[in-house]
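The residues making up each chain are set out below.
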Amino acid sequence: MTAATPQQPGRDLDAQETREWMDALSAVIEKAGPARAHFLLEELLEEARQHSIDLPFSATTGYVNTIEPQEEERSPGNLEIEERLRAYMRWNAMAMVVKANRHNPEDGGDLGGHIGSFASLASLFGAGFNHFWHAESAEPGKEHGGDCLYIQGHVSPGVYARAYLEGRLTEEQLLNFRQEVDGKGLSSYPHPKLMPEFWQFPTVSMGLGPLMAIYQARFLKYLHARGIANTENRKVWVFCGDGEMDEVESLGAIGLAARENLDNLVFVVNCNLQRLDGPVRGNGKIVQELEGEFRGSGWNVIKLLWGSGWDALLARDKEGALKKIMMDTLDGDYQAMKANDGAYVRKHFFGRDPRTLEMVSKMSDEEIFDLRRGGHDSKKVYAAFHKAVNHTGQPTVLLIKTVKGFGMGKAGEGKNNVHQTKKLSDEDIKAFRDRFNIPVPDSELSKIPFYKPADDTPEMKYLHERRKALGGYLPHRRTHSDESFTVPSLDTFKSVMEPTAEGREISTTQAYVRFLTQLLRDQALGPRVVPILVDEARTFGMEGLFRQIGIYNPAGQQYTPVDKDQVMYYKEDKAGQILQEGINEAGGMSSWIAAATSYSTSNRIMVPFYVYYSMFGFQRIGDLAWAAGDMQARGFLLGGTSGRTTLNGEGLQHEDGHSHIMANTIPNCVSYDPTFAHEVGVILHHGLKRMVEKQDNVFYYITLLNENYAMPGLTPGTEEQIIKGMYLCKPGAVLPKGTSDAGDKRVQLLGSGTILRESIAAQTLLATDWGIQADVWSCPSFNELTRDGQDAERHNMLHPMETPRVSFVGQQLAQHSGPVVASTDYMKAYAEQIRPFIPKDRTYKVLGTDGFGRSDFRSKLREHFEVNRHYIVVAALKALSEDGAVPVSQVAEAIKKYGIKTDKINPLYA
């Protein structure tokens, strides 16, 4: 028997057999359809795998539309009216930006704005607003929780232009685009903080929108699985540019979306092939690249590249010449096609092959140039959206090809500078008007008037009818939930508030877990608690919650956990309450944001608690934290193992000495660094009252310690002072008048977190070694003290004739004499913030942990960073010497007594 000739790569040993296979496949496609062909191919591939045949892999398909013309769902809308409405919106969006940048130089220069981005996706927005995007509605038979729209930020003028036609925005507001100080204007981009009843989500910190949207879609599934809200008919739509996909956050969680079958999620990537400065992939093909990324991750990918004008040409392309040119042409060349004219396209695109050149031989240059990309064909956009919303089992990404600056002509269409184009000449404006047939006469063009048809015109009636059919107008944001809850009384948490039993020691992290465990037992509010973890539950002593409330997993637990025989085994559940994000701080924060804004997006009050290593918080996800502030998030962030000297053995990358400084940069973040369990309880309880009962738009950041010690319990009457940031926790002895240790030899010691205990120890040393009494103040929040003091100073400056307000720091220290020494486990800048509010006649010294963290025992680290009890004593003596209360020699004596090395390098530089 003769051995078969080995098949060589790229060489066809039997052309006739190959042709028969190809003909058979073509016949199946023609007679049974693509679905049958797909099934047969999958079967063949699986058979090949069973025989260990090495299969070629490609995550991409041809550079053509995914949906064949005969499979396109027909739009039920009036396409002519929709085109007219889009034209008006294009005009008004352009007018808004150009007007904002024609102010006198005395006004402070240009305000900026973008025309090109909306011009590229007006047809996409038209399809969504007219046919797909549901508003929140309680109308019988039309109940809907509302779709979530993450709108590409640079297209905000187009969204405002639509809202103007709808009567939701006034002409005065459009005239005040990007002029917000007087309260009349419109924000530059989507900002819920600035337009709280309009924008749902902030999206212009590139990449955060796609990331947050994935976790938003997952959270909607979570709410449904736990029976808290019916979200099964809601969609999360995410619009982003192809240039934005270079941000690592944009693609960072697409695996989660596929893994959890988030078929309520639709990404729309506006592939206009351009970033802010130039082409996205001049030497490549961004559509193909993104298709590979998403298909490889398990997404349903729909490509819409070519408009209807191409269908006839592709139908005639029997030999695949046109498809080959489409595939071979680079994005940089595609950009040039639209930056030039039809003659250029004829020569440089169709002219690459005689067969394709012949295809267009009877077409004029104008007809060739009018061959549109898919994103500007409203019929095909509708078909693509329809297929996306009806797909189940997978998230969908629509890769839609457009032209940046479509309709702007020589002023910017397809050109590198179009993103920055915000000023148009009168000639450009006239050309824009003519292209879109806007009924503005020449005599009015110089004024660039907004255009709005009369209310009784077919266009306006259609505009309102479409939104009425979809439940109302979008975007729209709910500012308060209709729900109400009563927070359990503070007495409910007495296990946290009372002193620890003799010989017992706990950490503030344990206090937090006790508080959370008790809150979970509340029948009303308990189910609304959302514990969020990033693979550190055991670090924070929270593994007991695994079995108690379960870890959310839409697939349940299909395996037997290795610790099944243990009380606290790892339990995953379809209705689990914990969100366990793995080693993923950005994901944990995105889940927290989704839960913390659920009052707005889902009309459900949820209480998220996200606990993480404090060093891996604001430093790593600070941009997301800022977005949370913009979104008016409500919830708790817990920074565990906080401070620069608390975490034994971990070192530079784990030791936090600056997160509170970062937290204070977010105006609606209320931050605390508590020392004792009762402080944790009072702060958490107060936060619940504010965010749940009052629905205040704040969120709390609380740092926690892993250091165990006895807890003194709450002193009744100090609760309000704890919240304001400062209370006298351990007063020094009150000495009789006339004794040598009274009066001018007293000092005030301020501290927070773990270093407060060093201040308490220093109080003892000052008394026993130096005969000096000290009052010790717990300062759970230097940030809140700072804000209070700054507010008082502002009031006094603006109301000079009124009785001056006194800061809370000033009020607290007024009746307590002596210099003030503040010590924390954070950079000196943290406690330095309150220096202006220390009574003017007081000396103020600050100790802190400036410099990189390092690994060692706590005592050695506190010595290294010069914040231990000995340094506090030396700082107090130095302050007293500067006040003339003790001789300066005592400072030198103390330095010697405590063995302080005066020639050691400043820890800031060590």
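Described below are features of the structure shown in this document.

Conventions used here
- Residues numbered from 1 in each chain as written.
- Predicted model: local features only at pLDDT ≥ 70, side-chain atom pairs only at ≥ 80, totals over all residues.
- Heavy atoms only, no water.
- Helix = DSSP H or I, 4+ residues; strand = E, 2+ residues; numbered from the N terminus.
- Buried < 20%, exposed > 50% of the residue type's maximum accessible area, 1.4 Å probe, protein only.
- Contact = heavy atoms within 4.5 Å.
- Areas by Shrake-Rupley, 256 points an atom, 1.4 Å probe, with all protein chains shown as cover.
- Lys, Arg positive; Asp, Glu negative; His and termini not counted.
- Charge placed at Lys NZ, Arg CZ, Asp CG, Glu CD.
- Patch = residues over 30% accessible without salt bridge, like charges linked within 9 Å, V, L, I, M, F, W, Y side chains within 5 Å.
- Salt bridge = Lys/Arg side-chain N within 4 Å of Asp/Glu carboxyl O.
- Pairing = 2+ DSSP bridges.
- Right-handed = clockwise from strand over helix to strand, strands pointing away.
- Axes fitted to C-alpha atoms, helices over the stretch in contact; angles between N-to-C directions.
- 1 Å grid on protein atoms, 1.4 Å probe; cavity = no way out; pocket = protein on both sides within 12 Å on 5 of 7 lines; lining within 4 Å.
- Points joined across faces, edges and corners; volume = space filled by probe spheres on them.
- Nonpolar A, V, L, I, M, F, W, Y, C, P; charged D, E, K, R; others polar.
- Phe/Tyr/Trp six-rings, centres within 6.5 Å; stacked < 30°, edge-to-face > 60°.
- Polar contact = N/O pair within 3.5 Å; in protein donor to acceptor, adjacent residues only side chain to side chain.
- Core = buried A, V, L, I, M, F, W, Y, C linked by side-chain atoms within 4.5 Å.

## Notes on the overall build of the protein chain
For the protein chain, the count of helices and strands is 36 helices and 18 strands. Overall, the protein chain is about 110 × 90 × 60 Å in size when its C-alpha atoms are taken along their principal axes. Here the protein chain, with 910 residues, has 56% of them falling under the buried criterion. Of the contacts formed within the protein chain by residues at least 6 apart in sequence, a portion of 78% connects residues at least 24 apart. Of the roughly 38900 Å² of accessible surface on the protein chain, 50% is carried by carbon and sulfur atoms. Across the protein chain, the mean location of the 101 positive side-chain charges is 1 Å away from that of the 117 negative side-chain charges.

## With respect to a nonpolar patch on the surface
Residues Trp21, Leu41 and Leu44 make up a contiguous nonpolar surface patch of about 330 Å² in total accessible area. Looking at the secondary structure, you find Leu41 in helix 2 (residues 34–50).

## Examining the pairing of strand 15 (residues 746–751)
When you tally the buried positions in strand 15, you get 6 out of 6 residues, the bulk of the element. Neither face of strand 15 is left uncovered, since the one carrying Arg746, Gln748 and Leu750 and the one carrying Val747, Leu749 and Gly751 both have all their residues buried. Two strands pair when backbone bridges link them, and strand 15 and strand 16 (residues 773–778) are joined in this way by 6 bridges, in the parallel orientation. Residue pairing for strand 16: Val747 is matched across the bridge by Ala774. Traced from strand 15 through helix 30 (residues 755–770) to strand 16, the parallel crossover comes out right-handed.

## A word on the environment of Val562
Counting through the fold element by element, Val562 comes out in the loop between strand 7 (551–552) and strand 8 (572–573). C-alpha of Val562 to C-alpha of Gly128: the two residues are 434 residues apart in sequence and 48 Å apart in space.

## Topic: the sheet that holds strand 6 (residues 529–533)
Two pairing modes exist for strands in a sheet, parallel and antiparallel, and in both the strands are linked by backbone hydrogen bonds. Taken in spatial order, the 6 strands of this open sheet run 9-6-10-11-13-12, and their pairing is parallel. Of all the strands in the sheet, just strand 9 (579–580) and strand 12 (669–672) have a single pairing partner and so form its edges. When strand 6 meets strand 9, the two strands line up parallel, connected through 2 bridges. Among the inter-strand pairings, Leu533 is bridged to a residue of strand 9, identified as Gln580. Against the sheet, helix 22 (residues 508–520) engages strand 6, strand 10 (607–613) and strand 11 (636–640), with an angle of about 155° to strand 10.

## With respect to the sheet that holds strand 17 (residues 820–823)
In spatial order, the strands read 14-16-15-17-18; together these 5 strands make up an open sheet with mixed pairing. Of all the strands in the sheet, the pair left with one neighbour each is strand 14 (727–730) and strand 18 (844–847). Averaged over all neighbouring strand pairs, the angle between strand axes comes to 30°, with direction disregarded. Helix-sheet contacts for helix 35 (residues 869–882) involve strand 15, strand 17 and strand 18, and the interaxial angle to strand 18 is about 160°.

## Observations concerning empty space enclosed by the protein
Using a probe with the size of a water molecule, rolled over the atoms, empty space left in the structure can be pinpointed. Applying the stated criterion across every chain yields a total of 6 cavities of 30 Å³ or more. By volume, the largest cavity is sized at about 110 Å³. At the level of secondary structure, the elements contributing two or more residues to the lining of the largest cavity comprise helix 13 (331–339) and helix 16 (365–369). Taken together, the residues that form the lining of the largest cavity break down as 9 nonpolar, no polar and 2 charged. When its volume is computed, the second largest cavity comes out at roughly 90 Å³. Lining the second largest cavity are 15 residues, and of these Ala596, Ile605, Met606, Arg634 and Met691 sit closest to its centre. Within the residue set of the lining of the second largest cavity, elements represented by two or more residues are helix 24 (585–596), helix 25 (598–601), strand 10 and helix 28 (677–693). Counted by class, the lining of the second largest cavity contains 10 nonpolar, 3 polar and 2 charged residues.

## Side note on the layout of surface pockets
Taken as a whole, the largest pocket holds about 2400 Å³ of empty space. Lining the largest pocket are 47 residues, with Ile29, Pro34, Thr61, Thr66 and Glu68 positioned closest to its centre. For the lining of the largest pocket, the secondary-structure elements that each account for two or more residues are helix 1 (15–32), helix 2, helix 10 (286–297), strand 4 (300–304), helix 11 (311–315) and helix 17 (378–389). When residues of the lining of the largest pocket are assigned to their parent elements, the largest contribution, 8 residues, is made by helix 2. Residue classes in the lining of the largest pocket are distributed as 19 nonpolar, 13 polar and 15 charged.

## Concerning the environment of Glu20
Mapping Glu20 onto the fold places it in helix 1. Along the primary structure Glu20 and Arg467 are separated by 447 residues, whereas in three dimensions their C-alpha atoms are 53 Å apart.

## Things to note about the packing of aromatic side chains
On inspection of all chains with the given rule, the structure shows 47 aromatic pairs. Centre to centre, the rings of Phe267 and Trp299 are 5.0 Å apart; their planes meet at 65°, and the pair counts as edge-to-face. With Phe267 in strand 3 (residues 265–271) and Trp299 in the loop between helix 10 and strand 4, this residue pair connects regions lying 32 residues apart in the sequence. Phe267 sits in the buried class, given a relative accessible area of 0%. With a centroid separation of 5.5 Å and 75° between ring planes, the pair formed by Tyr613 and Phe616 is classed as edge-to-face. Judged by relative accessible area, which is 9%, Tyr613 ranks as buried.

## Here we look at the environment of Glu882
Examined against the element boundaries, Glu882 turns out to sit in helix 35. Taking the C-alpha atoms as reference points, Glu882 and Lys694, 188 residues apart in sequence, are found 48 Å from one another. Non-local contacts of Glu882, meaning those with residues more than four positions away in its chain, are made with Thr843 and Lys845. A distance of 2.8 Å separates a polar atom in the side chain of Glu882 from a polar atom in the side chain of Lys845. At a separation of 2.6 Å, a polar atom in the side chain of Glu882 contacts the side chain of Lys878.

## So, the nonpolar core
Residues Leu265, Phe294, Trp310, Phe349, Phe350, Met589 and Trp592 are the most contacted members of the largest nonpolar core, which totals 88 residues. Of all the elements, helix 7 (residues 208–225) adds the most residues to this core, at 11 residues. Once you skip the residues sitting within four places of it in the chain, Phe294 turns out to touch Met245, Leu251, Ile254, Phe267, Trp299, Val301 and Val397. One finds Ala511, Ile549, Val776 and Phe865 within the second-largest nonpolar core, a separate group that totals 83 residues.

## Digging into unusual backbone geometry
Pro475 follows Leu474 through a cis peptide bond whose omega is -5°. When you line up the elements, Pro475 lands in the loop between helix 20 (458–469) and helix 21 (494–497). At Arg178, a position not held by glycine, the phi torsion is positive, near 65°. Within the secondary structure, Arg178 is located in the loop between helix 6 (171–175) and helix 7. One non-glycine residue, Gln695, lies in positive phi territory at about 55°. Locating Gln695 in the fold gives a position in the loop between helix 28 and strand 13 (699–703). The class for Gln695 is buried, based on a relative accessible area of 9%.

## Description of the pairing of strand 4
Of all 5 residues making up strand 4, 5 are buried, and the element is well covered by its neighbours. Of the two faces of strand 4, the one lined by Asn300, Ile302 and Leu304 and the one lined by Val301 and Lys303 are each fully buried. Sheet topology places strand 4 next to strand 5 (residues 396–401); 5 bridges connect them, and they run parallel. What sits directly across from Asn300, in strand 5, is Thr396.

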